[in-house]
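Summary of the model geometry
Chain by chain, the residues run as shown.
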Number of protein chains: 2
Amino acid sequence: MLKEGDKKLLVKLGARLNELRTEKELSLRQLSYISNLDYSTIGKIEKGQVNITFTTLVELAKALEVELVEILNFRID
Amino acid sequence: MLKEGDKKLLVKLGARLNELRTEKELSLRQLSYISNLDYSTIGKIEKGQVNITFTTLVELAKALEVELVEILNFRID
């Protein structure tokens, strides 16, 4: 069961991933194709609905051509 | 099923977490107590045997009193 704080964090992470994807002008389908991840899963991740695993986070970082630290440059309160 | 590359990444992450824990002179039990995570799970995470979720990574970062970027400051090849 996710705590309230965890949910907020996942929403923050998802928003950051969405921001990076749109900056790169990639659609969900394009990012799905590049990352080999299901596009509906990426959609849920961007909405903070999935407690993403480390390896999936790395796949997305590679597909977005960013370092992990660029994704995680937000404060964890 | 984890790919070989994923396993290597998890081992790298685990080693980094172990490095941070030992720098702080915390035992597994102490880190377990602070983070509210099971100490045997932390042990497996440090050995790269667990595809850690984002919220667990954040719990460990908080318990180790480091920012996520300090944990993830290694290259993802």
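Residues numbered from 1 in each chain as written. Chains lettered and ligands numbered in written order. Predicted model: local features only at pLDDT ≥ 70, side-chain atom pairs only at ≥ 80, totals over all residues. Heavy atoms only, no water.

Under an unreviewed UniProt entry, the name given to chain A is DNA-binding transcriptional regulator, XRE family, and the organism recorded is Chitinophaga rupis.

1. A few points about the interface of chain A and chain B
Rules: Contacts between residues were defined by any pair of non-hydrogen atoms, one from each residue, lying within 4.5 Å. Buried area is calculated as the accessible area (1.4 Å probe) missing from two parts once they are joined, with the contributions of both summed. Take a side-chain nitrogen of Lys or Arg and a carboxyl oxygen of Asp or Glu: if they are within 4 Å of each other, that pair is a salt bridge. What qualifies as a polar contact is a pair of N or O atoms within 3.5 Å, subject to a donor-acceptor requirement within protein and to the restriction that residues adjacent in sequence count only when both atoms come from side chains. Note on conventions: DSSP H or I runs of at least 4 residues are helices, E runs of at least 2 residues are strands, and numbering of each starts at the N terminus.
Every contact between the two is made by 25 residues of chain A and, on the other side, 25 residues of chain B. Between chain A and chain B, the buried area comes to about 2100 Å², and carbon and sulfur atoms account for 66% of it. It is A:Phe54, A:Thr55 and A:Ile76 in chain A that bury the most area against chain B; as a group they hold 31% of the surface buried on that side. At the junction of chain A and chain B, the tally comes to two salt bridges. Notably, a salt bridge pairs A:Lys3 with B:Glu59, separated by 3.0 Å at the nearest N-O pair. Counting across the interface, chain A meets chain B through 10 residue pairs in polar contact (both at pLDDT 80 or more). Listing elements by their share of the side of chain A that touches chain B, those giving two or more residues are α1 (4–23), α4 (54–64) and α5 (68–71) of chain A. At seven residues, the largest contribution of residues to the side of chain A that touches chain B is made by α4(A).

2. Section: helix α3 (residues 39–46) of chain B
Residue and element names in this part refer to chain B. The cut-off we apply is this: Residue burial is assigned from relative accessible area. The probe radius is 1.4 Å, only protein chains are included, and a residue is buried under 20% of its type maximum, exposed over 50%, and partly exposed in between. Along the arc lie the directions from the helix axis toward the C-beta atoms.
Within α3 the residues assigned to the buried category are Ile42, Gly43, Ile45 and Glu46. All buried residues of α3 project into a common sector of 160 degrees when viewed along the axis, lining one side. Where α3 is buried, its residues meet α1 (4–23), α2 (28–35) and α4 (54–64). Glycine 48 occupies a position one or two residues after α3 and carries a positive phi of about 75 degrees.

3. Thoughts on the packing of aromatic side chains
Basically, it comes down to this: Only centres within 6.5 Å qualify two rings of Phe, Tyr or Trp (six-membered ring in Trp) as a pair; their planes then separate them into stacked at under 30 degrees, edge-to-face at over 60, and tilted for everything else. Two limits define a charge over a ring: the Lys NZ or Arg CZ must be within 6 Å of the ring centre, and within 35 degrees of the ring normal.
Applying the stated criterion to the full structure yields zero aromatic pairs over all chains. Over the aromatic face of B:Tyr39 sits the side chain of B:Arg29, whose NZ or CZ is 4.1 Å from the ring centroid.

4. Side note on the packing of α2(B) against α3(B)
Residue and element names in this part refer to chain B. Rules: Throughout, an axis means a line fitted to C-alpha atoms (over the contacting stretch in the case of helices), and angles, computed between N-to-C directions, take values from 0 to 180 degrees. Convention used here: angles under 35 degrees read as roughly parallel, angles over 145 as roughly antiparallel, angles from 65 to 115 as roughly perpendicular, and any remaining angle as oblique. Each crossing is labelled by how the near helix is turned from the far one, with a counterclockwise turn of less than a right angle marking it left-handed and a clockwise turn marking it right-handed. Polarity classes work like this: nonpolar for Ala, Val, Leu, Ile, Met, Phe, Trp, Tyr, Cys and Pro, charged for Asp, Glu, Lys and Arg, and polar for all others, with Gly in that last group.
In the contact formed by α2 and α3, the axes pass within 8 Å of each other and the chain directions differ by 110 degrees. Here α2 is positioned roughly perpendicular relative to α3, judged by the angle of their axes. The crossing of α2 and α3 is right-handed. Here α2 contributes Leu28, Arg29, Leu31, Ser32 and Ser35 to the contact with α3, which in turn contributes Tyr39, Ile42, Gly43 and Glu46. Here the contact of α2 with α3 is composed, by residue class, of four nonpolar, three polar and two charged.

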